[in-house]
Amino acid sequence: DAMVIQNPRYQVTQFGKPVTLSCSQTLNHNVMYWYQQKSSQAPKLLFHYYDKDFNNEADTPDNFQSRRPNTSFCFLDIRSPGLGDAAMYLCATSMGVVETQYFGPGTRLLVL
Amino acid sequence: DQQVKQNSPSLSVQEGRISILNCDYTNSMFDYFLWYKKYPAEGPTFLISISSIKDKNEDGRFTVFLNKSAKHLSLHIVPSQPGDSAVYFCAASELTGGGNKLTFGTGTQLKVEL
């Protein structure tokens, strides 16, 4: 089945220690998104890639970066995680400007 | 500044009855609206959507209504089933950088009781 896969499902890191979350997809979609969802809040878009073009949201902290080495994979790098970065991180994909986005199961990040 | 609001954090309905979930938005640039369903420990799953040029879209037991003048949409589930128990997110879409930015509400926890 075509899907969006996120690894790991749970990630524990230490305050200030760089961490990378990964997302892969078998849908062959050209757009990949990263959302952050804190407890009891709405998912919030951090950035997205349209093919190789990176689009950052204006209010996304510089601490968050992303890489997309090929169509199938996208990574979220948090350079120096703070306690406030503990959240669920959701990866999603879509085909071009089609509005429907397909989400992975998410990675729950815990910062100690 | 919450552009998409779901004012009911939770809703409890009896099996077989209608569930009505509501959503309000403030940004007139939104051109498409979606409902997602989320079970614990899973990502949101697309349920149904509606274009801003329509006022109703139906898919089986699920119907979404859009009132543009009131900036309000609702999701109707009838009849409700226990398997419908989940968190429902309303999302609004706008074009950005070649993709679509989804702005989500905070979700409504639906519980369908036997």
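It should be noted that the structure appears before, not after, this text.
This report concerns the structure included in the present document. (Residues numbered from 1 in each chain as written. Chains lettered and ligands numbered in written order. Predicted model: local features only at pLDDT ≥ 70, side-chain atom pairs only at ≥ 80, totals over all residues. Heavy atoms only, no water.)

**Things to note about the sheet that holds strand 3 (residues 19-25) of chain A**
Sheet strands pair by backbone hydrogen bonding; their relative direction is either parallel or antiparallel.
Residues and elements named next belong to chain A.
Consideration 1: The strand order 1-3-8-7 describes an open sheet built from 4 strands, whose pairing is antiparallel. Each having just a single partner strand, strand 1 (4-7) and strand 7 (64-67) make up the two edges of the open sheet. Within the sheet, the average angular offset between the axes of one strand and its neighbour, ignoring direction, is 20°.
Consideration 2: Strand direction decides the pairing type here: strand 7 and strand 8 (residues 73-78), joined by 4 bridges, are antiparallel. Pairing of Arg67 across the sheet is with Phe75, part of strand 8. (Pairing = 2+ DSSP bridges. Helix = DSSP H or I, 4+ residues; strand = E, 2+ residues; numbered from the N terminus. Axes fitted to C-alpha atoms, helices over the stretch in contact; angles between N-to-C directions.)

**Comments concerning a nonpolar patch on the surface**
Consideration 1: A cluster of nonpolar side chains, namely Val12, Leu110 and Leu112 of chain A, defines an oily patch on the protein surface of about 290 Å² accessible area.
Consideration 2: Its location among the elements puts Val12 of chain A in strand 2 (residues 10-13). (Patch = residues over 30% accessible without salt bridge, like charges linked within 9 Å, V, L, I, M, F, W, Y side chains within 5 Å. Areas by Shrake-Rupley, 256 points an atom, 1.4 Å probe, with all protein chains shown as cover. Salt bridge = Lys/Arg side-chain N within 4 Å of Asp/Glu carboxyl O.)

**Re the state of the cysteines**
As used in these notes, a disulfide is a covalent bond between sulfur atoms, one from each of two cysteines.
Residue and element names in this part refer to chain A.
Consideration 1: With the rule as written, the count across this model stands at 2 disulfides over all chains.
Consideration 2: The disulfide that involves Cys23 links it to Cys91, with 1.9 Å between the sulfurs. On the S-S bond that ties Cys23 to Cys91, the torsion sits near -75°, and the link is left-handed. Of this pair, Cys23 sits in strand 3 while Cys91 sits in strand 9 (residues 87-94), placing them 68 residues apart in sequence.
Consideration 3: With a relative accessible area of 1%, Cys23 lands in the buried category.
Consideration 4: Note on Cys91: relative accessible area 0%, which makes it buried. (Disulfide = S-S within 2.5 Å. Buried < 20%, exposed > 50% of the residue type's maximum accessible area, 1.4 Å probe, protein only.)

**Focus on the sheet that holds strand 7 (residues 62-67) of chain B**
All names here are of chain B.
Consideration 1: Taken together, 5 strands build an open sheet; the order of strands is 1-3-8-7-6 and the sheet is antiparallel. Each edge of the open sheet carries a strand with a single partner, namely strand 1 (4-5) and strand 6 (56-59).
Consideration 2: Pairing between strand 3 (residues 19-25) and strand 8 (residues 72-77): 6 bridges, direction antiparallel. Looking across to strand 8, one finds that Ser19 is bridged to Ile77.

**Some remarks on the environment of Pro43 of chain A**
Consideration 1: Structurally, Pro43 of chain A can be placed in the loop between strand 4 (31-37) and strand 5 (44-50).
Consideration 2: Taking C-alpha positions, Pro43 of chain A is 8.6 Å from Met88 of chain A, a pair spaced 45 residues apart along the chain.
Consideration 3: If we skip the residues at most four places from it in the chain, Pro43 of chain A touches Tyr35, Gln36, Gln37 and Leu90 of chain A together with Phe89, Phe104 and Gly105 of chain B. (Contact = heavy atoms within 4.5 Å.)

**Regarding the interface of chain A and chain B**
Consideration 1: In this complex, chain A contributes 24 residues to the contact, which on the side of chain B involves 22 residues.
Consideration 2: Note on chain A versus chain B: buried area summed over both sides is about 1,800 Å², and carbon and sulfur give 58% of it.
Consideration 3: Across the contact surface, chain A and chain B share 1 salt bridge.
Consideration 4: A salt bridge links Glu57 of chain A to Lys101 of chain B; the shortest N-O distance between them is 2.8 Å.
Consideration 5: Run the count over chain A and chain B and you get 7 residue pairs in polar contact (both at pLDDT 80 or more).
Consideration 6: For the side of chain A that touches chain B, the elements supplying multiple residues, two or more each, are strand 4 and strand 5 of chain A.
Consideration 7: In terms of residue class, the side of chain A that touches chain B is built from 12 nonpolar, 9 polar and 3 charged. (Buried area = accessible area lost by both parts, 1.4 Å probe. Polar contact = N/O pair within 3.5 Å; in protein donor to acceptor, adjacent residues only side chain to side chain. Nonpolar A, V, L, I, M, F, W, Y, C, P; charged D, E, K, R; others polar.)

**Some details on the pairing of strand 5 of chain A**
All names here are of chain A.
Consideration 1: Taking burial as the measure, the 7 residues of strand 5 include 5 buried ones, the bulk of the element.
Consideration 2: Connecting strand 4 to the antiparallel partner strand 5 that follows it, the hairpin turn spans 6 residues, and Ser40 within it adopts a positive phi of roughly 65°.
Consideration 3: Sheet topology places strand 5 next to strand 6 (residues 53-56); 4 bridges connect them, and they run antiparallel. Within the sheet, the bridge partner assigned to Tyr50 lies in strand 6 and is Asp53.
Consideration 4: What sits between strand 5 and strand 6 in their antiparallel hairpin is a turn of 2 residues, with Asp51 showing a positive phi close to 55°.

**A few points about the nonpolar core**
Consideration 1: The biggest cluster of nonpolar side chains holds 23 residues, and the ones touching the most others in it are Phe33, Trp35, Leu73, Leu75 and Tyr88 of chain B.
Consideration 2: Of all the elements in the fold, those that place two or more residues in this core are strand 3, strand 4 (32-38), strand 5 (45-51), strand 7, strand 8, strand 9 (86-96) and strand 11 (108-113) of chain B.
Consideration 3: Sort the elements by how many residues they give to this core and strand 9 of chain B lands first, with 4 residues.
Consideration 4: Look past the residues within four positions of Phe33 of chain B in its chain and what remains in contact with it is Tyr25, Ile48, Ser49, Ile50, Ser52, Leu66, Leu73, Ala91 and Ala92 of chain B.
Consideration 5: Counting 18 residues, the second-largest nonpolar core is a separate cluster that includes Cys23, Met32, Phe64 and Val111 of chain A. (Core = buried A, V, L, I, M, F, W, Y, C linked by side-chain atoms within 4.5 Å.)

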